[in-house]
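# Reading the structure
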Amino acid sequence: MAQIAMVMNLDKCIGCHTCSVTCKQAWTNRPGTEYVWFNNVETRPGQGYPRTYEDQERWRGGWVRDKRGRLRLRDGGRLSKLARIFANPKMPGIEDYYEPWTYDYDDLISAPLGDQMPVAPPRSLISGEPMTIQWSANWDDDLGGSPEIVPDDPVLKEISEQIRLELEQTFMFFLPRICEHCLNPSCVASCPSGALYKRSEDGIVLVDQDRCRGWRMCVSGCPYKKVYFNHKTGKAEKCTFCYPRVEVGLPTVCSETCVGRLRYIGLLFYDVDRVTEAASVPDDTDLYQAQKAILLDPHDPEVIAAARAEGISEDWIAAAQRSPVYALIHTYQVALPLHPEYRTMPMVWYIPPLSPVVDAVARDGHDAEEVGNLFGALSALRIPMQYLAGLFSAGDTAVIENVLRRLAAMRSYMRDINLGRETQAHIPQAVGMTEEQIYEMYRLLALAKYEERYVIPTAYAVDPRHPIEEPACSLSYEGGPGMYGSGPFGEASGDQVPVAVETFHALHQRQTGTGTAANAERPSRVNLLNWDGRGTPQGMFPHNGGRR
């Protein structure tokens, strides 16, 4: 099967929250979603959003392996859910998110003249009452209030006391999060009404709003707490991976607007019959390798033949072969899943940050890009490695060290090239890579163009000989009133429809085709000002003795 996946390079995230704001404007700007952030950027160390969502002993999300080696939901099976279907205590409350608010701006306008400057006090968007702001989606940004907040970081609690005390001063980075669109989603398995489902064509996990009954078991079942409840509509909502954009080959809104260009989107092939087996391995530390093993090589002739047999088009196979996500996960082996110990097989992967290690070397007066100094610092700075292992490798520091060594080798190797010196072949060899692979990885991570970062196959077959029809308006018959005025693509480009960025590519494709336009057989009013030059619509030119 095919899966759309994402990789984020945490070395590039500057915590600007542009991705969060644009996602908010695009998807959650309506009543009932004021507290909902499909994309949020967390500061690490920190409690995250909602508060302490990683504490599965408290929230009981994801899967666990029982004594018989089978997977079961940590939150309980059908009988357990039936017993508390009308009152589910294992779910974050509004205090774990935050109570959304606005400001009483009318006070600024209507305040009488006086000696004091009027203010706009906060007012709850839920109750409408005045409130005191105590928490928000990014309250622990930049370790704000760290003596009180950071010690409650669930990942930090698993590390020794000495490291907890030192980590606050030595290491900080940003962690953008969206729905993981897992291969083994526990939210889908938790839903009593079957409203959540995983699309077979691209693996995106969505909520069927018609089937959702608001039981909120999906909120409990998701260990990443990326399913939200809209209290206005009584329905669950979640990140859709911007599927209307992805279907026409455009990246997600969060990726498109990312200032640091740290996100990569691509297609993966995986063996669906081995997902349960991979998620059921006995040791948590083996889950990363097990998940990586079920991702198939798109260049393998057997994989290509199997993909064709399953009806996957040649365009999708070619996209999988050019996928930056597969390259970062398999070829260069620098991308890791978030919390693989939840056994959901997440498909949003991360490249751990190297910069804090480099800064520590430079702070001591050493050359921060000399390979020996970097390799030595990686084994000496156990603090970040243990913390990163708690996030991306179920506590296995060897996996983190291998990734950081590859990133450090790339930095050292490329410095010689940038300074015009002879390259050192032993640097890539020390991390099991070739010089070509190191350079290609550098090009992808540092200089990749738009079309190299986002290799997204469209959901339709582009064939200029058979242009795509748009949905027709039932009122747009001959002499009818219609619904839309003349569009920018002309009458011969199809029926007039509102043009959005999601439909631009489909419309633009017809402008470059060589065949007759979509509605040349049933045109409405057409003239030289709105004709696109494709085909010869009836009535465009008068007949004269069989000639035009």
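Now for a look at the structure at hand. (Residues numbered from 1 in each chain as written. Predicted model: local features only at pLDDT ≥ 70, side-chain atom pairs only at ≥ 80, totals over all residues. Heavy atoms only, no water.)

## Considering the overall build of the protein
Cut-off, in case you're wondering: Secondary structure elements follow DSSP: runs of H or I of four or more residues count as helices, runs of E of two or more count as strands, with numbering from the N terminus. Relative accessibility under 20% of the residue-type maximum defines a buried residue, over 50% an exposed one, and the middle range a partly exposed one, all with a 1.4 Å probe and only protein chains included. The contact definition used throughout considers only heavy atoms, calling two residues in contact when any of these lie within 4.5 Å. Computed with the Shrake-Rupley method and a 1.4 Å probe, the accessible areas treat only the protein chains shown as cover for residues.
For the protein, the count of helices and strands is 23 helices and 15 strands. Per-residue burial over the protein gives 51% buried out of 548 residues. Sequence-distant contacts in the protein: of pairs separated by 6 or more residues, those separated by 24 or more amount to 69%. Here the protein displays about 25900 Å² of accessible surface, and carbon together with sulfur accounts for 51% of that area.

## Topic: unusual backbone geometry
For the bond running from Arg44 to Pro45, omega is 0°, close enough to zero to count as cis. Tracing the backbone through its elements, the reader meets Pro45 in the loop between β2 (40-44) and α2 (56-59). With an omega of -5°, the peptide bond between Tyr49 and Pro50 qualifies as cis. In this fold, Pro50 is placed in the loop between β2 and α2. One non-glycine residue, Met345, adopts positive backbone phi at about 55°. A relative accessible area of 1% places Met345 in the buried class.

## Some points on a nonpolar patch on the surface
The line we're drawing: Like charges are joined within 9 Å and nonpolar side chains (Val, Leu, Ile, Met, Phe, Trp, Tyr) within 5 Å, but only among residues with over 30% relative accessible area and no salt bridge; these make up the patches. Salt bridge, as applied in this entry: a Lys or Arg side-chain nitrogen positioned within 4 Å of an Asp or Glu carboxyl oxygen.
Together, Tyr103, Tyr105, Leu108 and Ile109 give the surface a local cluster of nonpolar side chains, amounting to about 440 Å² of exposed area. Tyr103 sits in the partly exposed class, given a relative accessible area of 34%.

## Examining the nonpolar core
As a rule of thumb, soluble globular proteins bury nonpolar side chains together. Formally: Here the nonpolar core consists of buried residues drawn from Ala, Val, Leu, Ile, Met, Phe, Trp, Tyr and Cys, with membership extended through side-chain atoms lying within 4.5 Å. Bear in mind that the domain bounds are from an automatic or database domain assignment.
Ranked by internal contacts, the top residues of the largest apolar core, which has 122 residues, are Val7, Phe269, Leu328 and Phe392. When residues in this core are grouped by element, the largest group, 10 residues, is from helix α19 (residues 397-418). When residues of this core are assigned to domains, at least three fall in each of domain 1 (2-96 + 137-318) and domain 2 (353-453).

## So, the pattern of salt bridges
Pairing of side chains with opposite charge becomes possible as their charged atoms draw close. Applying the stated criterion across every chain, the model contains 19 salt bridges. Among the ionic pairs, Asp96 bridges to Arg58, the shortest N-O distance being 3.5 Å. Placement of the pair is Asp96 in the loop between α3 (78-83) and β5 (101-103) and Arg58 in helix α2, with a sequence separation of 38 residues. Residue classification places Asp96 among the buried residues on the basis of a relative accessible area of 7%. A salt bridge links Glu314 to Arg308, with the shortest nitrogen-to-oxygen separation between them at 2.7 Å. Accessibility expressed as a relative area gives 45% for Glu314, which makes it partly exposed. Each of Glu42, Arg44, Glu54, Asp153 and Arg177 takes part in a single network of salt bridges with overlapping partners.

## Remarks on the sheet that holds strand β15 (residues 348-351)
Which entries qualify depends on this criterion: We call two strands paired when DSSP finds no fewer than two bridges between them.
What the 5 strands build is an open sheet, ordered β13-β12-β1-β15-β14; its pairing is mixed. Among the strands making up the open sheet, the edge pair consists of β13 (295-296) and β14 (336-337). Across 4 bridges, strand β1 (residues 2-9) lies against β15 in parallel orientation. Residue pairing in the sheet places Met8 in a bridge with Tyr350 of β15.

## A look at the pairing of strand β7 (residues 173-177)
With 5 of its 5 residues buried, β7 lies for the most part within the structure. Going residue by residue along β7, you find Phe173, Leu175 and Arg177 tucked away on one face and Phe174 and Pro176 tucked away on the opposite face as well. Pairing analysis gives 5 bridges linking β2 to β7, with the strands arranged antiparallel. What sits directly across from Val41, in β7, is Pro176.

## Comments concerning helix α14 (residues 314-321)
Put simply, the rule reads: The arc in question is the one traced by the directions running from the helix axis out to the C-beta atoms.
Burial in α14 covers these residues: Trp316, Ile317, Ala319 and Ala320. Seen along its axis, α14 keeps its buried residues to an arc of 160°; they face one direction. Where α14 is buried, its residues meet β1, β12 (263-270) and α13 (301-309).

## Thoughts on the environment of Arg308
Let me state the cut-off plainly: Between N or O atoms, a polar contact is any pair within 3.5 Å; within protein, one atom must be a potential hydrogen donor and the other a potential acceptor, and residues adjacent in sequence are included only when both atoms are from side chains.
Looking at the element boundaries, Arg308 is found in helix α13. Its relative accessible area of 48% is what places Arg308 among the partly exposed residues. A distance of 2.7 Å separates the side chain of Arg308 from the side chain of Glu314, its partner in a polar contact.

## Points about the packing of aromatic side chains
For any two aromatic rings, the description comes down to two numbers: the centre-to-centre distance and the angle of the planes. Applied cut-off: Stacked, tilted and edge-to-face pairs are distinguished by plane angle, under 30 degrees for stacked and over 60 for edge-to-face with tilted covering the rest, among Phe, Tyr and Trp rings (Trp via its six-membered ring) whose centres lie within 6.5 Å.
Summed over the entire model, instances satisfying the criterion amount to 16 aromatic pairs. A centroid spacing of 5.9 Å and a plane angle of 50° characterise the contact between Tyr97 and Tyr228, whose relative ring orientation is tilted. Of the two residues, Tyr97 sits in the loop between α3 and β5 while Tyr228 sits in strand β10 (residues 227-230), which places them 131 residues apart along the sequence. Comparing Tyr97 with Tyr228, the two get one shared label, buried. With centroids separated by 6.3 Å and ring planes inclined at 40°, the aromatic side chains of Tyr439 and Tyr442 adopt a geometry described as tilted. Of this pair, Tyr439 and Tyr442 both sit in helix α21 (residues 435-446), 3 residues apart, which is roughly one turn of the helix.

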